[in-house]
Amino acid sequence: MTYRITAPKTTKATINLPASKSISNRALVIKALTKKDSPIHNLSDCDDTEVMVKALTELPHTIDIKAAGTAMRFLTAYLAATPGEHIITGTERMKHRPIATLVDALRYLGADIEYAGEQGFPPLHIKGQTLEGGHLEIPGNISSQYITALLLIAPELKKGLELKLTGEVVSRPYIDLTLSMMQDFGAKAEWTGFDTIMVSPGHYAARDYQIENDWSAASYWYEVMALTDDNDSTTRLTGLMDGSRQGDSMVRHLFRLLGVRSTFDNQSDTDRQPNTKAWHQQSITNVTLEKADSRVSRIDYDFTEIPDLAQTVVVTCALLDIPFRFTGLASLRIKETDRIEALKQELRKLGYVVSDEQDGTLTWEGERCEPSDEPIDTYEDHRMAMAFAPAALKTGAICINNPEVVSKSYPHFWDDLRSAGFNIEEL
């Protein structure tokens, strides 16, 4: 399937964003470990969360998590620490995404895990059991999902977990989100130093939990506002928090540099204490995006903490003719696709020549090439589709192959784009 997208002259829309899959998937694992049916409100309906729900509800012998990297990491740890025998597998791409660091760490803690195929990659054969826990050291520059997977099961380990992260610690906001949610459910988990996390043995407490909407999904609407030429355009986004624990909430500050202003609805009650149900519900509000008076002429930024925003910002900057140097992107090579190569290839179709360096750096100093009429390929990567769709505001129209990939994190993205005035036709 291919979509042809044309953009409206002005945008005035209210977008009901999807729930955060990052928070949803953490909450599902914690809920499963409580062994109680405590309600989770506003659970994500994306593919990644649906496979988590199915796996944790049915617990079949063979669990197919398809393309859900979060589910692969989180469930590997959960299954290792929970009685039962399972094989966990996924798509062909998933079978080439490395998982040895997590498997080695779990084995060190006492897990019984064997590779059912190529060494270092899924599928995995897991015999779950109670794990010892204790002191563990792992590199801090690995995917934060590995670290979160270990932390989520840590209260269930006999000795808890003292986790020391060696070297540079990347994606720290995602780790902080995990710790905060663990605390919400009664776990004793905290940083005891710049590079060390201590989780005491114990059990999670069941509770009602409200999921905030997804700041990563909000980023595509910030891109729409940055790329529109109409200064009267506005977009209202629902279900977000001012002071969110989601790392990708940094998008509001990044896009202020790119000419988009954020205004949160007034909150009538700001005196409640954090980590209580009432405070959490009161803090979820809406944000209105408007065009700002100015934007930067160049931007250099380290994406180590927020790699999922990189595609959106790279495409936006190129289309606004803003030169950039973006570092901290090494993890993009092991995502749903090699996102660095994918960005370089697809931006050439729009006439932009982006360069990369081996350490995970992308740069653009204004180099151009002859654009083509080829559709944008999405490489089974939801963020490629959503990052390039708003480009229609500058190109007049854009064609995108396999647009259905957005279901991984934002199933109603195309419907929302239509509601904002974009015309989308299937070719």
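Presented here is an overview of the structure given in this document. (Residues numbered from 1 in each chain as written. Predicted model: local features only at pLDDT ≥ 70, side-chain atom pairs only at ≥ 80, totals over all residues. Heavy atoms only, no water.)

Focus: the sheet that holds strand 11 (residues 196-199)
In step 1: Across the sheet, four strands lie side by side as 8-9-11-10; this open sheet has mixed pairing. The open sheet has two edge strands, strand 8 (134-139) and strand 10 (189-191), and neither has a second partner. Looking at each pair of strands side by side, their axes are set apart by 20° on average, direction ignored.
In step 2: When strand 8 meets strand 9 (residues 161-166), the two strands line up parallel, connected through six bridges. What sits directly across from leucine 136, in strand 9, is leucine 163.
In step 3: Along the sheet face, helix 6 (residues 172-184) touches strand 9, strand 10 and strand 11 and points at about 145° away from the line of strand 10. (Pairing = 2+ DSSP bridges. Helix = DSSP H or I, 4+ residues; strand = E, 2+ residues; numbered from the N terminus. Axes fitted to C-alpha atoms, helices over the stretch in contact; angles between N-to-C directions. Contact = heavy atoms within 4.5 Å.)

Considerations on the pattern of salt bridges
In step 1: Applying the stated criterion across every chain, the model contains 27 salt bridges.
In step 2: Between glutamate 132 and lysine 158 there is a salt bridge, with the nearest N and O atoms lying 3.2 Å from each other. Pair noted here: glutamate 132 is in the loop between strand 7 (124-128) and strand 8 and lysine 158 is in the loop between helix 5 (144-153) and strand 9, with a separation of 26 residues, a long-range link.
In step 3: Judged by its relative accessible area of 34%, glutamate 132 falls in the partly exposed class.
In step 4: In this structure lysine 158 comes out as exposed when scored by relative accessible area, which is 52%.
In step 5: For aspartate 265, the salt bridge is made with arginine 236, and the minimal N-O distance between the two is 2.9 Å. Note that aspartate 265 is positioned in the loop between strand 14 (260-264) and helix 9 (277-283) and arginine 236 in strand 13 (residues 234-241), a separation of 29 residues in sequence.
In step 6: Accessibility expressed as a relative area gives 25% for aspartate 265, which makes it partly exposed.
In step 7: Each of Asp308, Arg339, Asp381 and Arg383 takes part in a single network of salt bridges with overlapping partners. (Salt bridge = Lys/Arg side-chain N within 4 Å of Asp/Glu carboxyl O. Buried < 20%, exposed > 50% of the residue type's maximum accessible area, 1.4 Å probe, protein only.)

Overview of the packing of helix 1 (residues 21-34) against helix 2 (residues 47-58)
In step 1: Where helix 1 meets helix 2, the axes come as close as 9 Å, and the angle between the chain directions of the two elements is 10°. One element, helix 1, and the other, helix 2, form an angle in the roughly parallel class. Judged by residue contacts, Lys21, Ser24, Asn25, Leu28, Val29 and Ala32 of helix 1 engage Asp48, Thr49, Met52, Val53 and Leu56 from helix 2.
In step 2: Residues that form the contact of helix 1 with helix 2 fall into these classes: six nonpolar, three polar and two charged. (Parallel < 35°, antiparallel > 145°, perpendicular 65-115°, else oblique. Nonpolar A, V, L, I, M, F, W, Y, C, P; charged D, E, K, R; others polar.)

Examining the nonpolar core
In step 1: Within the largest apolar cluster, 72 residues are counted, with the highest numbers of intra-cluster contacts made by Ile5, Trp221, Tyr222, Leu237, Phe388 and Trp414.
In step 2: Take this core: its biggest share by element is 10 residues, from helix 7 (residues 215-227).
In step 3: The contacts of tryptophan 414, once residues within four sequence positions are left out, are Tyr3, Ile5, Ala385, Ala389, Ile400, Pro403, Val406 and Ile424.
In step 4: Grouped together as the second largest cluster of nonpolar side chains are 68 residues, Ala71, Ala80, Ile153 and Met182 included. (Core = buried A, V, L, I, M, F, W, Y, C linked by side-chain atoms within 4.5 Å.)

Notes on the packing of helix 5 against helix 6
In step 1: The contact between helix 5 and helix 6 brings their axes to 9 Å, and the two run at 15°. Taken as axis vectors, helix 5 and helix 6 run roughly parallel relative to one another. The chirality of how helix 5 crosses helix 6 is right-handed. From helix 5, Ser144, Ile147, Thr148, Leu151 and Leu152 reach across to helix 6, where they touch Tyr174, Ile175, Thr178, Leu179 and Met182.
In step 2: In the contact of helix 5 with helix 6, the residues fall into seven nonpolar, three polar and no charged. (Left-handed = near helix turned anticlockwise from the far one by under 90°.)

Concerning the side chain of threonine 49
In step 1: Structurally, the position occupied by threonine 49 is in helix 2.
In step 2: Residue classification places threonine 49 among the buried residues on the basis of a relative accessible area of 0%.
In step 3: Setting aside residues up to four positions removed in sequence, threonine 49 forms contacts with Lys21, Ser24, Asn25, Leu28, Leu43 and Ser44.

Some words on the sheet that holds strand 5 (residues 84-89)
In step 1: Ordered in space as 4-5-7-6, the four strands form an open sheet in which the pairing is mixed. Where the open sheet ends on each side, the last strands, each with one partner, are strand 4 (62-64) and strand 6 (112-115). Recorded for the sheet is a direction-independent mean angle of 25° between the axes of neighbouring strands.
In step 2: In this structure, strand 4 lies alongside strand 5, joined through three bridges in parallel fashion.

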